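# Structure at a glance
Chain by chain, the residues:
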Protein chains: 2
Amino acid sequence: MLFSGSGALQEVLVNAVAGAPDAAAPIDAVAAALEAAGAVLQQRRPFALKRQAVIAASTELRERELIKLASLASALADALHRRGATGPAATLTAEAGIAVFRVAFERWVTERDERDLPQLIRDSLADLKAMTAGSR
Amino acid sequence: MLFSGSGALQEVLVNAVAGAPDAAAPIDAVAAALEAAGAVLQQRRPFALKRQAVIAASTELRERELIKLASLASALADALHRRGATGPAATLTAEAGIAVFRVAFERWVTERDERDLPQLIRDSLADLKAMTAGSR
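Owing to the predicted nature of the structure, the values given are computational and were not obtained by experimental measurement.

## Some remarks on the interface of chain A and chain B
Contacts between the two partners involve 30 residues from chain A, matched on the other side by 30 residues from chain B. Of all the secondary structure elements, the ones that give two or more residues to the side of chain A that touches chain B are helix H2 (26-43), helix H4 (59-82), helix H5 (87-110) and helix H6 (117-133) of chain A. The dominant element in the side of chain A that touches chain B, judged by the number of residues it contributes, is H5(A), at 12 residues.

Shown next as structure tokens:
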């Protein structure tokens with residue numbers, strides 16, 4: 001679902017986290033990073049759709065994608081640590097961010113929807129907030 | 001990190017989601033499921049630690065674990081759908097739940113900590129709530 005190598009996408013994510021305002025909460029730094037990555041993918045939508053179709057058809061490639069996403073989550077967590085976030089909370093924020101990204105990406109490639117990827121990412125993050133706020 | 005086959009753990013998760021009160025929010029049904037799975041693993045802590053050490057030492061086994069966790073997330077999402085949750089929100093709830101579980105499990109196997117796994121799961125879920133509530 002990502003770039004040919006996930007290196008470029010990881011760079012976009014990590015740089016965006018590093019460049020977020022000092023006062024930004026970790027989740028907001030991650031949100032900014034995901035939106036930045038989403039904007040890049042949005043500009044390459046035809047390529048992204050083609051790549052996704054190839055991946056969807058192969059169990060092995062789908063597994064590779066899971067591994068790449070886990071690497072991206074680790075890179076995000078490391079970037080949060082460098083901003084001073086503490087261990088488990090940084091990891092959780094990064095993992096939750098990647099979950100938001102995955103759901104948004106899935107909608108972007110499968111739904112007949114006018115929304116672009118950065119908007120879907122914002123919507124998914126809003127869903128996550130609503131979901132946790134609605135808890136007991 | 002899980003049972004020898006992840007089938008047994010998946011069954012615990014899916015049954016707990018199915019058995020949650022009708023009025024429970026999806027995130028609370030998932031929380032109950034994760035705590036139930038955590039309680040089972042807690043009873044088998046020495047085995048779980050041994051198994052985790054084997055997995056941590058092997059890139060291939062770590063990748064297998066990622067795939068299993070993705071399967072568990074899918075099974076959780078399906079169980080939420082059967083409770084009437086809608087598509088993307090159910091997927092996001094399941095994915096976020098698995099992120100909570102992963103972080104709690106990681107702490108359980110690595111930290112010198114008195115907390116048991118169900119408690120760590122509750123703490124991680126509280127972290128997720130605090131993290132999203134602290135967002136802009």
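Having seen it, we continue.
## Details of the relation of the copies chain A and chain B
Mapping chain A onto chain B calls for a rotation angle of 180° and an axial translation of 0.0 Å; the resulting RMSD is 0.0 Å. One copy is carried onto the other by what is essentially a two-fold rotation axis. No C-alpha of chain A lies nearer the rotation axis than that of A:Ala96, which sits 2.7 Å from it. A shared binding surface is used by both copies, with 100% of the interface residues of chain A retained as interface residues in chain B.

## So, the confidence of the model for chain A
Residue and element names in this part refer to chain A. Overall, the prediction assigns chain A a mean pLDDT of 90, with 93% of residues at 70 or greater. Averaged over each element, pLDDT in chain A is lowest for helix H3 (residues 45-56) (92) and highest for H2 (95). As a predicted assembly, this complex carries a pTM of 0.90 together with an ipTM value of 0.87.

## Looking at the packing of H4(A) against H5(A)
All names here are of chain A. One way to put it is that H4 packs onto H5 with a least axis distance of 8 Å and a crossing angle of 135°. Relative to H5, the element H4 is oriented oblique. Seen from above, H4 lies across H5 with right-handed handedness. Here Leu-69, Leu-72, Ala-73, Leu-76, Ala-77, Leu-80 and His-81 of H4 lie close against H5, whose contacting residues are Ala-90, Thr-91, Thr-93, Ala-94, Glu-95, Gly-97, Ile-98 and Arg-102. When the residues that make up the contact of H4 with H5 are grouped by side-chain class, the tally is nine nonpolar, four polar and two charged.

## Examining the nonpolar core
Formed by 82 residues in total, the largest nonpolar core has its most connected members in A:Val17, A:Leu76, A:Val100, B:Val17, B:Leu76 and B:Val100. Aside from chain neighbours lying at most four places away, what touches B:Val17 is B:Ala29, B:Val30, B:Ala33, B:Leu76, B:Ala79, B:Leu80 and B:Arg83.

## Thoughts on helix H2 (residues 26-43) of chain B
Spacing of three or four residues puts side chains on the same side of an α-helix, whose turn is 3.6 residues. In this model H2(B) runs 26 Å from its N-terminal to its C-terminal C-alpha over 18 residues, within 8% of the 26 Å that 1.5 Å per residue would give. For H2(B), the set of buried residues is B:Pro26, B:Ile27, B:Ala29, B:Val30, B:Ala31, B:Ala33, B:Leu34, B:Glu35, B:Ala37, B:Gly38 and B:Leu41. Elements in contact with the buried residues of H2(B): H6 of chain A together with helix H1 (7-19), helix H3 (45-56), helix H4 (59-82), helix H5 (87-110) and helix H6 (117-133) of chain B.

## Let's talk about the environment of B:Gln10
Residue and element names in this part refer to chain B. Mapped onto the elements, Gln-10 comes out in helix H1. For Gln-10, a count of 20 C-beta atoms within 10 Å corresponds to the buried category. As a C-alpha pair, Gln-10 and Ala-75 span 65 residues in sequence and 7.1 Å in three-dimensional space. Setting aside residues no more than four positions away along its own chain, Gln-10 makes contact with Leu-72 and Ala-75.

## A look at H6(B)
In this model H6(B) runs 24 Å from its N-terminal to its C-terminal C-alpha over 17 residues, within 8% of the 24 Å that 1.5 Å per residue would give. Listed as buried for H6(B) are B:Leu117, B:Leu120, B:Ile121, B:Ser124, B:Leu125, B:Asp127, B:Leu128, B:Met131 and B:Thr132. The arc that holds every buried residue of H6(B), seen down its axis, measures 155°, which confines them to one face. Looking at the packing, one finds that the buried side of H6(B) touches H2, H5 and H6 of chain A together with H2 and H5 of chain B.

Conventions and cut-offs
Residues numbered from 1 in each chain as written. Chains lettered and ligands numbered in written order. Predicted model: local features only at pLDDT ≥ 70, side-chain atom pairs only at ≥ 80, totals over all residues. Contact = placed C-beta atoms within 7 Å. Helix = DSSP H or I, 4+ residues; strand = E, 2+ residues; numbered from the N terminus. Least-squares fit on C-alpha atoms with pLDDT ≥ 70 in both. pLDDT = per-residue confidence, 0-100. Axes fitted to C-alpha atoms, helices over the stretch in contact; angles between N-to-C directions. Parallel < 35°, antiparallel > 145°, perpendicular 65-115°, else oblique. Left-handed = near helix turned anticlockwise from the far one by under 90°. Nonpolar A, V, L, I, M, F, W, Y, C, P; charged D, E, K, R; others polar. Core = buried A, V, L, I, M, F, W, Y, C linked by C-beta atoms within 7 Å. Buried ≥ 20, exposed ≤ 12 C-beta atoms within 10 Å, placed from the backbone. Expected span 1.5 Å × (residues − 1). Arc of directions from axis to C-beta.

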